[in-house]
2 protein chains.
Amino acid sequence: LQDAKKLVDLTSDHICAIKVNFHLIIPLSLSELSELNDFANERNLVSIADIKLNDIENTNRIATEYLWDTGFSGVIVNPFVGFEGGLDLVYQRAREIGKGVISLAYMSHPGANEGYGLKLMDGRLIFELMIDRANSWGSDGVILGTTRPDKIQIARKRLKPEIKIFSPGSGVQAGNARAALEAGADYIILGRSILSSRDPKAAVREASRALLS
Amino acid sequence: LQDAKKLVDLTSDHICAIKVNFHLIIPLSLSELSELNDFANERNLVSIADIKLNDIENTNRIATEYLWDTGFSGVIVNPFVGFEGGLDLVYQRAREIGKGVISLAYMSHPGANEGYGLKLMDGRLIFELMIDRANSWGSDGVILGTTRPDKIQIARKRLKPEIKIFSPGSGVQAGNARAALEAGADYIILGRSILSSRDPKAAVREASRALLS
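Below is a short write-up of the structure. (Residues numbered from 1 in each chain as written. Chains lettered and ligands numbered in written order. Predicted model: local features only at pLDDT ≥ 70, side-chain atom pairs only at ≥ 80, totals over all residues. Heavy atoms only, no water.)

Notes on the overall build of chain A
The condition is simple: Going along the chain from the N terminus, every DSSP run of H or I of four or more residues is numbered as a helix, and every run of E of two or more is numbered as a strand. Our radius of gyration is a C-alpha quantity, and the globule rule it is checked against amounts to 2.2 Å times the number of residues to the power 0.38. Burial classes follow relative accessibility: with a 1.4 Å probe on protein chains only, a residue under 20% of its type's maximum area counts as buried, one over 50% as exposed, and anything between as partly exposed. Whether two residues are in contact is decided by their heavy atoms, any of which lying within 4.5 Å being enough. Only the protein chains shown count as cover for residues, and the accessible areas themselves come from Shrake-Rupley with a 1.4 Å probe.
When helices and strands are tallied, chain A shows 10 helices and seven strands. Rg of the C-alpha trace for chain A: 17 Å, near the compact-globule value of 17 Å for 213 residues, within the 12% margin. Per-residue burial over chain A gives 54% buried out of 213 residues. In chain A, the share of contacts with a sequence separation of at least 24, taken over all contacts with a separation of at least 6, comes to 65%. For chain A, the accessible area works out to roughly 8900 Å², and carbon and sulfur atoms hold 50% of it.

Observations concerning the relation of the copies chain A and chain B
Cut-off, in case you're wondering: Only residues with pLDDT of at least 70 in both copies count here: their C-alpha atoms drive the least-squares fit that superposes the copies.
Superposition of chain A onto chain B requires a rotation of 180° combined with a translation of 0.0 Å along the rotation axis, giving an RMSD of 0.0 Å. Overall, the copies show the geometry of a two-fold rotation axis. In this assembly the copies share their binding face: 100% of the residues contributing to the interface of chain A also contribute to that of chain B.

Concerning the side chain of Asn135(B)
Residue and element names in this part refer to chain B. What counts here: Under this definition, polar contacts are N or O atom pairs within 3.5 Å; protein pairs additionally need one hydrogen-donor-capable and one acceptor-capable atom, and for neighbouring residues in sequence, both atoms have to be side-chain atoms.
Of note, Asn135 is situated in helix H6 (residues 126-137). At a separation of 3.0 Å, a polar atom in the side chain of Asn135 contacts the main-chain carbonyl oxygen of Arg158. Excluding anything up to four places from it in sequence, Asn135 contacts Arg158, Leu159, Lys160 and Ile163.

Section: the interface of chain A and chain B
Cut-off, in case you're wondering: Take the accessible area each of two parts loses on contact, using a 1.4 Å probe, and add the two losses: that sum is the buried area. Between Lys or Arg on one side and Asp or Glu on the other, a salt bridge is scored when a side-chain nitrogen of the former is within 4 Å of a carboxyl oxygen of the latter.
If you look at the interface, chain A gives 51 residues, while chain B gives 51 residues. Around 4200 Å² of area is buried between chain A and chain B when both sides are counted, 65% of it from carbon and sulfur atoms. On the surface where chain A and chain B come into contact, there are two salt bridges. The partner of Lys52(B) in a salt bridge is Asp55(A), with the nearest N and O atoms 2.9 Å apart. Counting across the interface, chain A meets chain B through 23 residue pairs in polar contact (both at pLDDT 80 or more). If you tally residues by element for the side of chain A that touches chain B, the top one is helix H4 (residues 57-69) of chain A, at six residues.

Overview of helix H6 (residues 126-137) of chain A
Basically, it comes down to this: To estimate the expected span of a helix, count its residues, drop one, and scale the result by 1.5 Å.
The terminal C-alpha atoms of H6(A) lie 16 Å apart, and with 12 residues this matches the ideal 16 Å at 1.5 Å per residue to within 8%. By the criterion of burial, H6(A) is predominantly enclosed, with 10 of the 12 residues buried. Buried within H6(A) we find Ile126(A), Phe127(A), Glu128(A), Leu129(A), Met130(A), Ile131(A), Arg133(A), Ala134(A), Asn135(A) and Trp137(A). If you follow the buried residues of H6(A), they end up packed against helix H5 (83-97), strand E4 (100-106), strand E5 (141-144) and helix H7 (149-158) of chain A together with H6 of chain B. Directly after H6(A), the chain includes Gly138(A), whose backbone phi takes a positive value near 90°.

Topic: the side chain of Glu128(B)
Residue and element names in this part refer to chain B. By the secondary structure assignment, Glu128 is in helix H6. Overall, the relative accessible area of 16% leaves Glu128 in the buried class. Here Leu125 takes part through its backbone nitrogen, which lies 2.7 Å from a polar atom of the side chain of Glu128. Apart from the residues lying within four places of it in its own chain, the contact partners of Glu128 are Gly123 and Arg158.

Brief notes about the environment of Leu24(A)
Residues and elements named next belong to chain A. Secondary-structure assignment places Leu24 in helix H2 (residues 22-25). Overall, Leu24 belongs to the partly exposed group, its relative accessible area being 30%. Sequence separation between Leu24 and Ala49 is 25 residues; the distance between their C-alpha atoms is 9.8 Å. The contacts of Leu24, once residues within four sequence positions are left out, are Ala4 and Leu36.

Here's the deal with the packing of aromatic side chains
Quick reminder of the rule: The rule is short: rings of Phe, Tyr and Trp, with Trp giving its six-membered ring, pair when the centres are within 6.5 Å, and they are stacked under 30 degrees, edge-to-face over 60, tilted in between. Here, a charge over a ring is recorded when the distance from Lys NZ or Arg CZ to the ring centre is within 6 Å and its angle to the ring normal is within 35 degrees.
Counting across every chain of the model gives 16 aromatic pairs over all chains. Joined through ring pairs, the aromatic side chains of Phe80(A), Tyr106(A), Tyr116(A), Phe127(A), Phe80(B), Tyr106(B), Tyr116(B) and Phe127(B) make up one cluster. We note Arg43(A) situated over the ring of Phe39(A); from NZ or CZ to the ring centre the distance is 3.6 Å.

Focus: the pairing of strand E2 (residues 46-53) of chain A
We apply this condition: Orient the strands so they point away from the viewer; a crossover is then right-handed if the path from the first strand over the helix to the second runs clockwise.
Taking burial as the measure, the eight residues of E2(A) include seven buried ones, the bulk of the element. Tracing the backbone out of E2(A), into H4(A) and back to the parallel element strand E3 (residues 74-77) of chain A gives a crossover that is right-handed.

Here it is as structure tokens:
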């Protein structure tokens, strides 16, 4: 918790949100998560729970209530699990209480093509199905890896204009953040290139300077 | 934690494993999870973490290390995320240290057909692709809903014989546990029909009696 807070404090001038992954949510208690989210909110940062939620309705509902109670502003979900008895209540509840839902569209790692890259009988890639679901289910944003700027370009045309594109994978996974932005990404997600840096403040400043120049 | 331990204690004579879902893992601390797993292990119960893991390698690796450290015997993963840079290290590490990996094949809720039921260009259903991945990636078991006994039958023929079928969805979701067993399921997973019962011990005893008669 202290490490996470320190990192938020060091980088808060150069970022607009923090994304807290499953592997950090597991070890932290609910009160520690609240403390981290309060700390981020006080610095005007949005806080996103990246749990790639993909369970049945009842589990999703209880899990997201914990997340909202601890002050997260949004959650990342996997639309592969389906709407009916899957993510329906998550979208409904988030809309009711003003929280955000970001849905996966094409992840950044090499093996993402084994799922999002599959071609369906109707001619669509699953990635395109994911975009269509984001539109019809009412996602606030989608996840599209910086490693796939061509897909970001396609997605930007196909997505409703108000749906934002969040793009991870430009650090350790060697995606191209600038290409992603040029293709239509709205936000760049940086993880290990900041977290593992000896000087996170300089790392995030350099990254944002390079993208804005 | 105390509620969960009490439930384990009440039902341990009639079950062979406990499955701890994401929405219980979030609120419990690591030491509480250890305590719960120790409690189950002392009663000769296997303990499975149901997190439907579907993230990139680095997140998956750290998340599962926490799970193994707290004494879980197995984890449930979603093969949709892919192997390369996805689940590869999870399978590798689990094999090295003698832990189990159970992969999703067809979930129990209505919307599962929006994912597992999609037809691919090569003629396979995604459900069949999931079975093929369980075989080639080396899953110890697969999840197939009791709500779909026809799919269990197909899976049993297509799966390597040593891969077990775990079947949820026969309580609140109204799947037919007996039909699932007859179709080839090895284990029935009961959740809310036990958890929400006023007399969990009687509920689990009745359920097992009904299935064994």
